[in-house]
Amino acid sequence: KVGVIVDLSTSPIGWQIQDASGSVVLSGVTTVYGNDSASGDHVHQADFTALNELGAYRLVAEGIGSSFEFNIATSLYPDLPHEAMNYFYFHRMGEDILAEHLIDGRYARTALHPGDSSVPPYNGWCVSCANFDLKGSWADAGDFGIYTVNHAISAWTLLNLNEMFPEAFQDGSLNIPESGNGFADVLDEVDYGSRFVRGMLPSDGGLASHKAHNHAWSAFTITVAGENAAQSSRSAMGPSTPATYAVARVNAQLARIWYAQGQDSHADVLWSAAVDAWTRAYGTNQAYSASVASPGPALGGGDYPDGQIGDDLYAAACEMYLTALAIGDSGVQTYKNIMRSSSFFTKIVQWDWATVTGAGTLSLFAVENDLSSEDKLSIETNIVSFANSVKNSIDSEGYPSNLDFQKFGGNYPWGSNSFIMNRAIALAYAYEVTGDVMYQDYILRTLDYVMGVNAMHISYVTGYGDKSETDTHDRWAWTVGQGSFWPRGWLSGGPNNELINDYATPPGVTAAKSYAGPGTAPHAWGSKENTVNWNAPLAWVAWYVENKIVPNFEGCDGNCASKPTLKPTTKSTTKQSTKPTLNPTTKPTFKPTTKPTSKPVSTGGSPCCADRNAGYQACMRSDWCNMSSTNCGNCNGYYITVPLEITGCCKWWSGGDCSNVVHSSNPGCHYRKSDCEGSCGGTWSPL
């Protein structure tokens, strides 16, 4: 817990932490950081990590003033994972958006661009092609274009969360139209938003369209009818090799997950599209060209210029190899050879929509494969090395930005906040490799940055903080709210002095302060836009914090429902877990878990996989977890008959008995002696 104080003093400044009554609960002196080159501020840092008592507090700097009130709480942002994911339902195109599935029903609307089922190619290319079926997508950003390469990294991010942590955003958790169908909501959401991707392959067998959008920018305040009237001047633009590899990546990853769910017919369609796209792209080198992909007067969309192809080939080869291996496809060795021969193999570098090496390598960590132990060790070593560079960036900055902006030429790039959140994902991976909670600490410091400990003194996440972003560059949100209210849980692009081409982002200021002010959304696309590839890592990190870090730090009073309470031990240097295939035998075990030391007492019924944190009272919802004791152990569960009989309680006090204990208040400790006297550190008292 580190506060930042802006002051020109070169000597330490006294600080206090005061509670709601004004009483001093902690005090100290600042560490003088000095001049922060990214912001131009002269800053001090006040480390109050020692404050652990729950409550509301302020940081008071002597002779300077007080911070906003902040809380020390058992959970950090419990609603943010859902809010960040609701962004994607909000931006669905091709179907009506219903109030019952929105967190804020005021944004309900009829379908945008239902005519995307038949989008013509732009004049001058693919003259013999049939129209493109692009229905089923997410509006990419504040406009209504769809962009293959940017969608691909967004879809990968959310699917990667699912493959790393299959319990993430399970069925029914997001209240989307598909909820209740038995499949993870995050998978359903990505599946809907990615329908258009396979449709970007032209009927003449050529490379995929790089993007599709209107021929002119839409007005910022719209009507749905007016926007849909632009369908007659909406086209699929010219092709590129990176876009075609993007089609392969998205469909291969989706196919792999759906095959594992037993949905073979749908997965066959996806895998066929992936193989088709791979075949079209392999051996070609058509980089993005504005004259082809953004031709003539068709100026109603962005560029997403992707000039490097090698990383796209590598990332696509990774996804193709992993899926081919999972389903026993005959092409597996070909994909593997191409992947391993790439100069990008096992590398981890900063990733985004244009640079996707890291995405390919992280998939190789997250998904079962037959790589050698040497290759796996190289991947893990590179993950930790990159994460250490992220940690060092935070340590070297005045504010807890993990960007290492000097490597960007002293600039904050367009969408700087997405880079920062992606780097937080790297920290999470490093924890999964090492079990070192230091990496989780630095994830929280990264969230501190986007939530307000930054040079703009603003939370870049809408709806969070006393001083938070109030309006982002989004046409429908602005049309409905006009800046007077805004959806919660959207991440704005962040400071950007790399490319300023709007009317509101201030030029000529320091990198970390190149950010537009409140009420400027219509003209602030350079720093205040929202996009799918910015909210995707926000959703990833928000879920991870609430479901992995909070329980690990013993939040929720040690009683986080359906979340592990055991602190993980150090993971081995070689990834030992596997992911389900069509005929799964094992399941991921990224976190070692404590197994029962004695057979639990039960009241009868069929053996199944029970959750410790639900008091062993019911079977897990996953059929795969319930299949065997091996699978169950790999689901962090216990293979027993349920419900488990109450035979005692766990005590952390002397004297007395269990008569006043409410077992459901801490089911992870009160149902079994081995749990109580093991990780819970209590004393077992029989009934």
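Cut-offs applied
- Residues numbered from 1 in each chain as written.
- Predicted model: local features only at pLDDT ≥ 70, side-chain atom pairs only at ≥ 80, totals over all residues.
- Heavy atoms only, no water.
- Helix = DSSP H or I, 4+ residues; strand = E, 2+ residues; numbered from the N terminus.
- Buried < 20%, exposed > 50% of the residue type's maximum accessible area, 1.4 Å probe, protein only.
- Contact = heavy atoms within 4.5 Å.
- Areas by Shrake-Rupley, 256 points an atom, 1.4 Å probe, with all protein chains shown as cover.
- Expected span 1.5 Å × (residues − 1).
- Pairing = 2+ DSSP bridges.
- Axes fitted to C-alpha atoms, helices over the stretch in contact; angles between N-to-C directions.
- Salt bridge = Lys/Arg side-chain N within 4 Å of Asp/Glu carboxyl O.
- Parallel < 35°, antiparallel > 145°, perpendicular 65-115°, else oblique.
- Left-handed = near helix turned anticlockwise from the far one by under 90°.
- Nonpolar A, V, L, I, M, F, W, Y, C, P; charged D, E, K, R; others polar.
- Disulfide = S-S within 2.5 Å.
- pLDDT = per-residue confidence, 0-100.
- Phe/Tyr/Trp six-rings, centres within 6.5 Å; stacked < 30°, edge-to-face > 60°.
- Lys NZ or Arg CZ within 6 Å of the ring centre and 35° of its normal.

1. Looking at the overall build of the protein
In step 1: Tallying secondary structure elements over the protein gives 21 helices and 17 strands in all.
In step 2: Out of the 687 residues in the protein, the part that is buried amounts to 58%.
In step 3: A separation threshold of at least 6 residues defines the contact pool for the protein, and within that pool the share at least 24 residues apart is 68%.
In step 4: Accessible area for the protein stands at about 25,100 Å²; split by element, carbon and sulfur atoms hold 51% of it.

2. Some remarks on helix α9 (residues 310–327)
In step 1: In this model α9 runs 26 Å from its N-terminal to its C-terminal C-alpha over 18 residues, within 8% of the 26 Å that 1.5 Å per residue would give.
In step 2: With 14 of its 18 residues buried, α9 lies for the most part within the structure.
In step 3: Downstream of α9 by a residue or two, G328 has a phi angle that is positive, lying close to 75 degrees.

3. A few points about the sheet that holds strand β1 (residues 2–6)
Sheets are built from strands that pair by backbone hydrogen bonding, the pairs being arranged parallel or antiparallel.
In step 1: The three strands lie next to each other as β1-β5-β4, forming an open sheet whose pairing is antiparallel. The sheet terminates laterally at β1 and β4 (31–36), the two strands that pair on one side only. On average, each strand axis in the sheet is tilted by 30 degrees relative to the strand beside it, whichever way the strands run.

4. What about the pairing of strand β16 (residues 648–651)?
Looking along a regular strand, one sees the side chains alternate between the two faces of the sheet.
In step 1: The alternating pattern of β16 places G648 and C650 on one face and C649 and K651 on the opposite face, and all of these are buried.
In step 2: Alignment of β16 against strand β17 (residues 683–686), held across four bridges, turns out to be antiparallel. Counterpart to C649 in the pairing with β17 is S685.

5. Let's talk about the environment of M85
In step 1: Mapped onto the elements, M85 comes out in helix α1 (residues 80–90).
In step 2: Judged by its relative accessible area of 2%, M85 falls in the buried class.
In step 3: M85 sits 84 residues away from F169 along the chain, and the two C-alpha atoms are 9.0 Å apart.
In step 4: Those residues in contact with M85, other than ones at most four positions away along the chain, are L158, F169, L174, V186, E189 and A539.

6. Regarding the pattern of salt bridges
In step 1: Throughout the structure, instances matching the rule amount to 19 salt bridges.
In step 2: The salt bridge involving R234 is made with D116; its shortest N-O contact spans 2.8 Å. Here R234, found in strand β13 (residues 234–236), pairs with D116, found in the loop between β9 (92–93) and β10 (137–138); they are 118 residues apart in sequence, far enough to count as distant.
In step 3: Residue class for D116 comes out buried when judged on its relative accessible area of 2%.
In step 4: Overlapping salt bridges bring together R92, E95, E178 and E189 as one network.

7. Overview of the packing of helix α2 (residues 148–164) against helix α11 (residues 357–366)
Two measures define how a pair of helices packs: the angle their axes make with one another and the distance between the axes.
In step 1: Where α2 contacts α11, the two axes come as close as 10 Å, and the packing angle between them is 15 degrees. Taken as axis vectors, α2 and α11 run roughly parallel relative to one another. As α2 packs across α11, the resulting crossing turns out to be left-handed. From α2, I153, W156, N160, E163 and M164 reach across to α11, where they touch A359, L362, S363, F365 and A366.
In step 2: Within the contact of α2 with α11, the residues separate by chemical class into seven nonpolar, two polar and one charged.

8. What about the state of the cysteines?
In step 1: Here the structure, examined in full by the defined rule, presents four disulfides.
In step 2: Between the sulfur of C126 and that of C129 lies a disulfide, 1.6 Å long from S to S. Judged by the sign of its S-S torsion, about -55 degrees, the bond between C126 and C129 is left-handed.
In step 3: Here C126 falls in the buried class, since its relative accessible area comes to 9%.
In step 4: You can call C129 buried: its relative accessible area is 12%.

9. Section: helix α12 (residues 373–396)
In step 1: Across its 24 residues, α12 extends 34 Å between first and last C-alpha, which sits within 8% of the 34 Å expected from 1.5 Å per residue.
In step 2: Tucked inside the fold, the buried residues of α12 contact α10 (332–341), α11, α13 (416–434) and α14 (438–450).

10. Comments concerning the sheet that holds strand β11 (residues 146–147)
In step 1: Read from one edge to the other, the open sheet built from three strands follows the order β11-β12-β13, with strand pairing classed as antiparallel. Two strands in the sheet have a free side with no partner beyond their single neighbour: β11 and β13.
In step 2: Note that strand β12 (residues 211–214) and β13 share three bridges and pair antiparallel. Paired with A212 across the two strands is A236, which belongs to β13.

11. A closer look at the confidence of the model for the protein
In step 1: Mean pLDDT over the protein stands at 89; residues scoring 70 or higher make up 88%.
In step 2: Taken as a whole, residues 560–603 scores under 50 in pLDDT and shows 129 contacts with residues more than four places along the chain or in a different chain.

12. Regarding the packing of aromatic side chains
Aromatic ring pairs: the centre-centre distance and the angle between the two ring planes describe each pair.
In step 1: Applying the stated criterion across every chain yields a total of 35 aromatic pairs.
In step 2: Arranged with centres 6.1 Å apart and planes meeting at 70 degrees, the rings of F165 and W540 form a pair that is edge-to-face. Of this pair, F165 sits in the loop between α2 and α3 (185–193) while W540 sits in helix α17 (residues 532–552), and the two are 375 residues apart along the sequence.
In step 3: Accessibility expressed as a relative area gives 1% for W540, which makes it buried.
In step 4: Of the aromatic side chains, those joined through ring pairs into one cluster are Y87, F88, F90, Y107, W138, F220, W478, F485, W486 and W490.
In step 5: Positioned above the aromatic ring of F485, the side-chain terminus of R106 is 3.6 Å from the ring centre.
In step 6: R488 extends its terminal NZ or CZ atom over the ring of Y464, reaching a point 4.4 Å from the ring centre.

13. Comments concerning unusual backbone geometry
In step 1: Here the residue pair V642 and P643 is connected by a cis peptide bond, since its omega of 0 degrees sits within 30 degrees of zero.
In step 2: Its location among the elements puts P643 in the loop between β15 (638–641) and β16.
In step 3: One non-glycine residue with positive phi stands out, namely H113, at about 50 degrees.
In step 4: Positive phi, close to 50 degrees, is recorded for Y304, a residue that is not glycine.
In step 5: The residue Y304 is located in the loop between α8 (290–293) and α9 in this model.

14. Notes on the pairing of strand β3 (residues 24–29)
In step 1: By the bridge criterion, five bridges tie strand β2 (residues 14–19) to β3 in an arrangement that is antiparallel. Within β3, the residue paired with W15 across the bridge is G28.

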